[in-house]
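Okay, here's what each chain looks like letter by letter:
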Amino acid sequence: TPGPVYVRSVRCPVPVIFPESHVMELGKGVELHKGQDIAVISSGMMTPKALEAVEMLEKEGLHARLIHMGSIKPLDQEIIVKAARDCGHIVTVENHSVIGGLGGAVAETLCDLHPCRLTRIGFPDIFMESGDDEEIFTSLGMNPPEIAAKVRSLVKRSLP
């Protein structure tokens, strides 16, 4: 890629979700799970957690679409707008502040191209403590059971 690049990495093991043959394409999201009730867009190490949450919800009869966003800039605006049109509510899940990351980029896209409800799951705008990743994620509602609970409550609230 010509020009500067910013890559985030993590220190903990992350489950493999793509086959070895998968080629990441900058600016293209990947739909990992079909659904119409709500759309979840995740990035990086949060995608396996979001996938687990979506699979939990599927067993309950809630059909959430899951989109993995491999790059935030360039951002796949087309897949975001399609999810907004089809589902009407998007939840972003990221290992980052809810300000200035995936959630913010999705919010800007929705504001400009197809407004819909948006809920962002990530780090609040606070000074973060260091510690065990899983303990921090659980305390902030960022592990699969907490993500599933949040999505479930959002879908229930939007039902007539």
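Above this note sits the structure.
Note that this is a predicted model, so its numbers are computed, not measured. In every chain, residue numbers begin from 1 and rise along the written sequence. In view of the model being predicted, local features appear only for residues whose pLDDT reaches at least 70, and side-chain atom pairs are presented and counted only at 80 or more, with totals across whole chains, interfaces and linings using the full set of residues. Water and hydrogen atoms play no part in the side-chain values, which are based on all heavy atoms of the structure.

1. Some thoughts on helix 3 (residues 102-113)
Thinking step 1. Helix length check: helix 3 (12 residues) gives 16 Å between terminal C-alpha atoms against 16 Å at 1.5 Å per residue, within 8%.
Thinking step 2. Under the scheme applied here, a residue whose accessible area is under 20% of the maximum for its type counts as buried, over 50% as exposed, and between as partly exposed, the area being computed with a 1.4 Å probe on protein chains only. Helix and strand definitions follow DSSP, with helices as H or I runs of at least four residues and strands as E runs of at least two, each counted in order from the N terminus. Every buried residue of helix 3 is listed here: L102, G103, G104, A105, V106, T109 and L110.
Thinking step 3. We call two residues in contact when some of their heavy atoms are within 4.5 Å. Of the surrounding secondary structure, the elements contacted by the buried residues of helix 3 are strand 2 (38-42), strand 3 (64-69), helix 2 (77-87), strand 4 (89-97) and strand 5 (117-123). One fewer than the residue count of a helix, multiplied by 1.5 Å, yields its expected span.

2. Things to note about the pattern of salt bridges
Thinking step 1. Each salt bridge in this description consists of a side-chain nitrogen of Lys or Arg and a carboxyl oxygen of Asp or Glu lying within 4 Å of one another. A full pass over the atoms with the stated rule returns 5 salt bridges.
Thinking step 2. D86 is the partner of R65 in a salt bridge, and the nearest nitrogen-oxygen pair spans 3.0 Å. Remark: D86 occurs in helix 2 and R65 occurs in strand 3; sequence separation between them is 21 residues.
Thinking step 3. A relative accessible area of 4% places R65 in the buried class.
Thinking step 4. In this structure D86 comes out as partly exposed when scored by relative accessible area, which is 28%.
Thinking step 5. Across the pair K82 and D86 runs a salt bridge whose closest N-O atoms are separated by 2.8 Å. Of this pair, K82 and D86 both sit in helix 2, 4 residues apart, which is roughly one turn of that helix.
Thinking step 6. For K82, a relative accessible area of 47% translates into the label partly exposed.
Thinking step 7. One network of salt bridges, with partners in common, ties together R65, K82 and D86.

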